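Read off the chains here:
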Amino acid sequence: MSNLRIFAVNQKKISSLHYFNNMCSSKIRASLKRLKLHVLLGRNYSSLPGLIGNDIKSLHSIINPPIAKIRNIGIMAHIDAGKTTTTERILYYSGYTRSLGDVDDGDTVTDFMAQERERGITIQSAAVTFDWKGYRINLIDTPGHVDFTLEVERCLRVLDGAVAVFDASAGVEAQTLTVWRQADKHKVPRICFLNKMDKIGASFNYAVESIREKLKAKPLLLQLPIGEGKAFKGVVDVVRTEKLLWNPNSDDGKDFERKPLLEMSDPKLLKETTEARNALIEQVADLDDEFADLVLGEFSENFDLLPAEKLQTAIHRVTLAQTAVPVLCGSALKNKGVQPLLDAITMYLPSPEERNYEFLERVSRLLLPFADQHIEIPLLTAGNIALTVGLKHTATGDTIVSSRSSALAASRRAKREGEKKQKENNEAERLLLAGVEIPEPVFFCTIEPPSMAKQPDLDHALKCLQREDPSLKVKLDPDSGQTVLCGMGELHIEIIHDRIKREYGLETYLGPLQVAYREAILNSIRATDTLDRTLGDKRHLVTVELEAKPVETSSLLPVIEYAASVAGDLSQASREAFENGVHSACLQGPLLGSPVQDVAVTLHSLVIHPGTSTTMISACVSRCLQKALKKADKQILEPLMNLEVTVSREYLSPVLADLAQRRGNIQEIQSRQDNKVVIGYVPLAEIMGYSTVLRTLTSGSATFALELSNYQAMNPQDQSTLLSQRHGLS
């Protein structure tokens, strides 16, 4: 059996295409007869991995490099920190492409979707395979926009390491915190790259301090910048006490020189670097006992004599233990510092065998990823990332096994070894690998086809997109019969709408964007209901008495309880029917038809006439609970967003005034170089269309980031206004 960790990608490009991380202990073979190249026209690619000029390596060395030489990494960051530009430079210097792509020009390798090229942002993760100095690197470029957080989540869970890219002028930003927490959750070792060192306002020290303070991480300074802002021209290698200077006349950044730091030529820089190296050695020694013994034993008198290789090995161990993070710097746009970053990826991030995955499996067809291109391969060994074709019923988070017996055997083995606590059900044991936590959508709108004849085509398109993107929810409005899209934000919905048009050829119509409110009750209430219905010659009779009450702990699903008088008398079928009825009633509250949360439902009595179907029991329970919810005192809960606005001092006052009108709650105003960072909360309903307003207020100079914080109760006045609007009274 194998751990094939799945996340779907664009089905229109490759039918039912899925990424997976194959972490197997023996060779996987597929029944393919020959190697095939699928190349699209109009792209300027260099050689594929293993193909250098006319020198073609053996097929085995191309497809299956030694596992110790494989690095599976992701690029993650806040939006506009330079992830895709960094990826583009990595591909160029590795020889994968012959020309430098640019996000603004819309010709990068990994941003190949039309929507990505038009907007200059990454929407969908893209995988690329290339070689660097004898290492095979499988790289995934991930989105930075909050609407596509799930894309990052499903990538990190299958990767062995990550590169966190930072804007050196901004340091840690809102989405940086989110992706960092995701990496912590999946225990992914990472290194930091302080990008945009050439930008006005760039500050190496500020960015490092923000990593220390906001991420609670221990930065290991492996490099120091030579100059900042427009004066940035290279970096110092602290480990080797060398300077790397890029030729200012070089157009592509390939031309740079590495020189040792000498007392005669660079006394000040040498002193600064020596101090930084000594501090680095002491820091690593505090984190790694093996290295501490070496330093205290042989090199305690003079750290200068400590070989760079010994220090690098210790940094590798510390990085894998996730007790500290190596920090490098550069400017991807100006082609400086990317080659040392590649060296650091191979030197400090783990190989698949260092991540301890122990699952096997066989699949039918395999492909190596090259963004929107792919190459068929006959076999794959442990640690590689690849694609598989033809899995029509899998979705993000699925675990694929070769057979049921393999799954059961692995489950028993894991249970014996104490590695996982397995749950048992009535049928069989299950082995479930870590899935993906899918956030609840906060926006929804109706979507309609151009004609009813096109409804099946729209249903098919939405079904495919949901498999690919589990954060997209689709439901049917029971009152109007309309299809409703539920998504993570305005951009998310907009992208889905555009993809339906471009990829499926459907001109659909979207209704107005609405906020996903929730409802709650404020007091306990009892209700009784009887359903008496005759269908054919069969009478269905059921009487139910229940109580609904608020709970203090936040819970989207209802808490179901049974009174002592009925707990021992209910059959399993009756319990399931009762619970189904409760869940059905809580889907639509009495105020707005929004889901009801933070409620506990207790069954006090359930009298069932012989022969009554479970469907009728559920219907009676649902009707009874809806009656109770209508009688109770109720309130609307609205999504509250964490908001971070970065604005220059001159525009701070109008931004604050505007947020006050939007029911914003300012928590803090920080200084970030020459800018101010406004941190606070604002209701989602008040922030729709905010990007246009903010551009107008600040002449396009400000940026902002949003993230769902929680749901909070509306005050009575705002709730009354909302209900009047919904009922057409205002």
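Residues numbered from 1 in each chain as written. Predicted model: local features only at pLDDT ≥ 70, side-chain atom pairs only at ≥ 80, totals over all residues. Heavy atoms only, no water.

## Describing the sheet that holds strand E31 (residues 599–608)
Selection criterion: Whether two strands pair depends on DSSP finding at least two bridges between them. Put simply, DSSP H or I for four residues or longer makes a helix, DSSP E for two residues or longer makes a strand, and each gets a number counted from the N terminus. Axis definition: a line fit to C-alpha positions, over the contact stretch in the case of helices; interaxial angles, taken between N-to-C directions, run 0 to 180 degrees.
A sheet is described by the order of its strands in space; here 4 strands give the open sequence E28-E29-E31-E30, paired in mixed fashion. Each of the sheet's edge strands pairs with one partner strand only, and the pair in question is strand E28 (525–535) and strand E30 (559–562). Within the sheet, the average angular offset between the axes of one strand and its neighbour, ignoring direction, is 30°. Where E28 lies against strand E29 (residues 538–550), 11 bridges are found, and the strand directions are antiparallel.

## Comments concerning the sheet that holds strand E15 (residues 242–246)
The strand order across the open sheet built from 4 strands is E13-E14-E15-E16, with neighbouring strands paired in antiparallel fashion. This sheet does not close on itself; its edge strands, each paired only once, are strand E13 (223–226) and strand E16 (256–260). Sheet twist, expressed as the average angle between the axes of neighbouring strands with direction ignored, equals 25°. Both strand E14 (residues 234–237) and E15 contribute to a ladder of 4 bridges, which runs antiparallel. What sits directly across from Val 235, in E15, is Leu 244.

## Some words on the packing of aromatic side chains
We apply this condition: Aromatic rings from Phe, Tyr and Trp, taking only the six-membered ring of Trp, are treated as a pair when their centres fall within 6.5 Å; an angle between ring planes under 30 degrees marks them as stacked, one over 60 as edge-to-face, and anything in between as tilted. Remark: exposure states derive from per-residue accessible area (1.4 Å probe, protein chains only) relative to the maximum for the residue type, with buried under 20%, exposed over 50%, and partly exposed in between. Remark: a charge is flagged as sitting over a ring if the NZ atom of Lys or the CZ atom of Arg is within 6 Å of the ring centre and within 35 degrees of the ring normal.
Tallying each qualifying case throughout the model produces 4 aromatic pairs. Relative to Phe 578, the ring of Tyr 562 has its centre 5.7 Å away and its plane inclined at 55°; by these criteria the two rings are tilted. Of this pair, Tyr 562 sits in strand E30 while Phe 578 sits in helix H15 (residues 572–586), placing them 16 residues apart in sequence. Ring centres of Tyr 690 and Phe 704 lie 5.1 Å apart, and the angle between their planes is 80°; this geometry places the pair in the edge-to-face category. One end of the pair, Tyr 690, is in helix H18 (residues 690–698); the other, Phe 704, is in strand E35 (residues 703–713), with 14 residues separating them in the sequence. Using a relative accessible area of 28% as the deciding quantity, one classes Phe 704 as partly exposed. Against the face of Trp 180 rests Arg 190, its NZ or CZ located 4.6 Å from the ring centre. Its end group placed over the ring of Tyr 711, Arg 518 keeps NZ or CZ at 3.9 Å from the ring centre.

## A word on the pattern of salt bridges
Keep this limit in mind: We define a salt bridge as a contact between a side-chain nitrogen of Lys or Arg and a carboxyl oxygen of Asp or Glu at a distance within 4 Å.
In total, this model carries 25 salt bridges according to the counting rule given. Of the charged contacts in the structure, one is a salt bridge between Lys 199 and Asp 167, with a shortest N-O distance of 2.9 Å. You can see Lys 199 sitting in the loop between strand E11 (190–195) and helix H6 (204–214) and its partner Asp 167 sitting in strand E10 (residues 161–167), a full 32 residues away along the chain. For Asp 167, a relative accessible area of 5% puts it in the buried group. For Arg 240, the salt bridge identified is with Glu 309, shortest N-O distance 3.3 Å. Of this pair, Arg 240 sits in the loop between E14 and E15 while Glu 309 sits in helix H9 (residues 308–321); the two residues are 69 residues apart in sequence, bridging distant segments of the chain. Residue class for Arg 240 comes out partly exposed when judged on its relative accessible area of 35%. It is possible to trace a salt-bridge network through shared partners that takes in Glu 638, Arg 663, Glu 686 and Asp 718.

## Side note on the confidence of the model for the chain
Our working definition: The pLDDT score gives, residue by residue, the confidence of the prediction method on a 0 to 100 scale. Whether two residues touch is decided by their heavy atoms; if any such pair falls within 4.5 Å, the residues are in contact.
For the chain, mean pLDDT is 79; residues scoring 70 or higher make up 76% of the total. Contacts for the low-pLDDT stretch residues 1–60, under 50 throughout, to residues beyond four places or in other chains number 217 contacts.

## Digging into the nonpolar core
Heads up, the rule is: To qualify as a nonpolar core, a set must consist of buried Ala, Val, Leu, Ile, Met, Phe, Trp, Tyr and Cys residues joined through side-chain atoms within 4.5 Å.
Val 163, Leu 194 and Phe 291 are the most contacted members of the largest nonpolar core, which totals 83 residues. Top element by residues in this core is helix H7 (residues 267–287). It accounts for 7 residues. Counting residues in hydrophobic clusters, the runner-up holds 31 residues, among them Ala 563, Phe 578, Val 601 and Ala 632.

## Thoughts on the side chain of Gln 223
Put simply, the test is: Counted as a polar contact is a pair of N or O atoms within 3.5 Å, where, for protein atoms, one must be capable of donating a hydrogen and the other of accepting one, and residues adjacent in sequence contribute only when both atoms are in side chains.
Relative to the assigned elements, Gln 223 resides in strand E13. Here the side chain of Gln 223 touches Cys 329 through a polar contact of 2.9 Å, landing on its backbone nitrogen. Discounting chain neighbours no more than four positions away, the residues touching Gln 223 are Phe 204, Val 235, Val 236, Val 238, Val 327, Leu 328, Cys 329 and Pro 340.

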